[in-house]
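Tertiary structure, described
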Amino acid sequence: FENPKEGPLGYLLMSPKRASNAPVVLMIHGGPHSCTTNFFSPILLCMASMGVHVVMPNYRGSIGYGEGYVHQLPGNVGRMDVDDCMAVLKDALDSLGQSADETTVHLFGGSHGGFLVLQLAGQFPDRFKSVVARNPVTNMLSLVGTSDIPDWCWVESMGTQGSQQGIWNESVATKMLEVSPLRWARDIRAPVLLQLGARDQRCHPTQGLYMAKVMRTHGKAKVRVQMFPDCQHSLADKVRVRLSCVSNRP
């Protein structure tokens, strides 16, 4: 759809049959340079069986919409992708009309999708009812020292030109913290479920654990941590674990 502010944006919408005043899940892909396609997903089947509308935004930075669409995001994470997700949600709710309960919107995402659901919950604390963040990025600055792709932190925080300089200074550290969900931890009101893989080498579980600690310190929202001891980044190492993530039974 054509958004007056952000330009053309893409998303997928899955709705249950004969829905009326049904809850909505904003399900956000990771990457960020990947995309949501029309694919088979046990998670989507589970949500459909529960009578839930699922909105899946392909925010700027996603692939499949041209190279220019991809390259808009580096250096603008935490702002551009957040704005796009909110614009997609508004368009989806407008199109769903009375079949959706616009006051009952939940967030679900992993990796960069986890980064985004925490950003959204913090920047719009009265908009969302609950949050599921799976192996999320919460602190770009600390992720540099623990991730198997530290260059990702540079590119997404500083942009492709800024990352090529390779200079570590106070302004770089400040920018990485400014774009991190950790900045918004004290503002989150919705209950948060953090699902973490203990063997994750991409987004180390300390990302989620520290986010939980900061949230508990401020005490404004309930936060729960599910740790999967044998799992890596995808949390799809075993069928049992994939189903546990969906059904919220560790």
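For the structure, see preceding data.
A brief structural summary. (Residues numbered from 1 in each chain as written. Predicted model: local features only at pLDDT ≥ 70, side-chain atom pairs only at ≥ 80, totals over all residues. Heavy atoms only, no water.)

**Observations regarding the overall build of the chain**
So the rule is basically this: Helix and strand assignments follow DSSP, with helices taken as H or I runs no shorter than four residues and strands as E runs no shorter than two, numbered in order from the N terminus. A 1.4 Å probe rolled over the protein chains alone gives each residue an accessible area, and that area as a share of the maximum for its type sets the label: buried under 20%, exposed over 50%, partly exposed in between. Between two residues, a contact is recorded if the distance between any of their heavy atoms is within 4.5 Å. Working convention for charge: Lys and Arg count positive, Asp and Glu count negative, and His plus the chain ends are omitted. The atoms used to mark charge sites are NZ of Lys, CZ of Arg, CG of Asp and CD of Glu.
A tally of helices and strands in the chain yields nine helices and nine strands. Seen through its C-alpha atoms, the chain measures out along the principal axes to roughly 55 × 40 × 35 Å. Out of the 250 residues in the chain, the part that is buried amounts to 50%. For the chain, long-range pairs separated by at least 24 residues make up 74% of all intrachain contacts whose partners lie at least 6 apart in sequence. When the 24 basic and 20 acidic side-chain charges of the chain are each reduced to a single mean position, those positions are 10 Å apart.

**Concerning the pattern of salt bridges**
Two side chains carrying opposite charge are able to pair once their charged atoms lie near each other. Defined as follows: We define a salt bridge as a contact between a side-chain nitrogen of Lys or Arg and a carboxyl oxygen of Asp or Glu at a distance within 4 Å.
For the structure shown, the criterion picks out three salt bridges. With a closest N to O distance of 2.8 Å, Asp 84 and Arg 60 form a salt bridge. In this pair, Asp 84 sits in helix α3 (residues 80-96) while Arg 60 sits in the loop between β5 (53-58) and α2 (67-71), placing the two residues 24 residues apart along the sequence. Of the two residues, Asp 84 and Arg 60, both sit in the buried class. Two residues, Asp 94 and Lys 90, come together in a salt bridge whose shortest N-O distance is 3.1 Å. With a gap of four residues between them, Asp 94 and Lys 90 both fall in helix α3, about one helical turn apart. Of the two residues, Asp 94 and Lys 90, both sit in the exposed class.

**Regarding the sheet that holds β5**
We count it as follows: In this analysis, strands are considered paired if DSSP registers two or more bridges between them. Note on geometry: axes are lines fitted to C-alpha atoms, helical ones only across the stretch in contact, with angles between N-to-C directions running from 0 to 180 degrees.
Strand order in the open sheet formed by seven strands is β3-β5-β4-β6-β7-β8-β9, and the pairing between neighbours is mixed. Of all the strands in the sheet, just β3 (10-14) and β9 (223-228) have a single pairing partner and so form its edges. The sheet shows a mean angle of 20° between the axes of neighbouring strands, taken without regard to direction. Pairing between β3 and β5: five bridges, direction antiparallel. Along β5, the bridge assignment pairs Gly 10 with Asn 58.

**Thoughts on the pairing of β9**
Put simply, the rule reads: By convention, a crossover is right-handed whenever its connection, traced from the first strand over the helix to the second and viewed with the strands pointing away, goes clockwise.
Across six bridges, strand β8 (residues 192-197) lies against β9 in parallel orientation. Looking at the pairing, Val 192 lines up with Val 223 of β9. Chirality of the crossover, the property in question, places the unit of β8, helix α8 (residues 206-218) and β9 among those that are right-handed.

**Some words on helix α1 (residues 42-49)**
What counts is decided by this rule: The directions from the helix axis to the C-beta atoms form the arc being described.
For α1, every residue scored as buried is listed here: Ile 43, Leu 44 and Met 47. Each buried residue of α1 sits inside an arc of 95° when the element is viewed along its axis, so together they form one side. Looking one or two places after α1, you find Gly 51, whose phi comes out positive at around 75°.

**Here we look at unusual backbone geometry**
Of note, the bond from Gly 31 into Pro 32 is cis; its omega dihedral lies within 30 degrees of zero at 0°. Its location among the elements puts Pro 32 in the loop between β4 (22-28) and α1. A positive phi angle, close to 55°, is found at Asn 21, a residue other than glycine. Counting through the fold element by element, Asn 21 comes out in the loop between β3 and β4.

**Comments concerning the packing of aromatic side chains**
Quick note on the threshold: The rule is short: rings of Phe, Tyr and Trp, with Trp giving its six-membered ring, pair when the centres are within 6.5 Å, and they are stacked under 30 degrees, edge-to-face over 60, tilted in between.
With the rule as written, the count across this model stands at two aromatic pairs. Ring centres of Phe 1 and Tyr 11 lie 5.7 Å apart, and the angle between their planes is 75°; on these two criteria the pair is classed as edge-to-face. Residue Phe 1 is located in the segment before β1 (2-3), and its partner Tyr 11 is located in strand β3; the two are separated by 10 residues in the primary sequence. Centre to centre, the rings of Tyr 65 and Tyr 69 are 4.8 Å apart; their planes meet at 35°, and the pair counts as tilted. Its relative accessible area of 38% is what places Tyr 65 among the partly exposed residues. Taking the relative accessible area as the measure of exposure, Tyr 69 reaches 7% and is therefore buried.

Remember that the coordinates give geometry; whether it matters functionally is a separate question.
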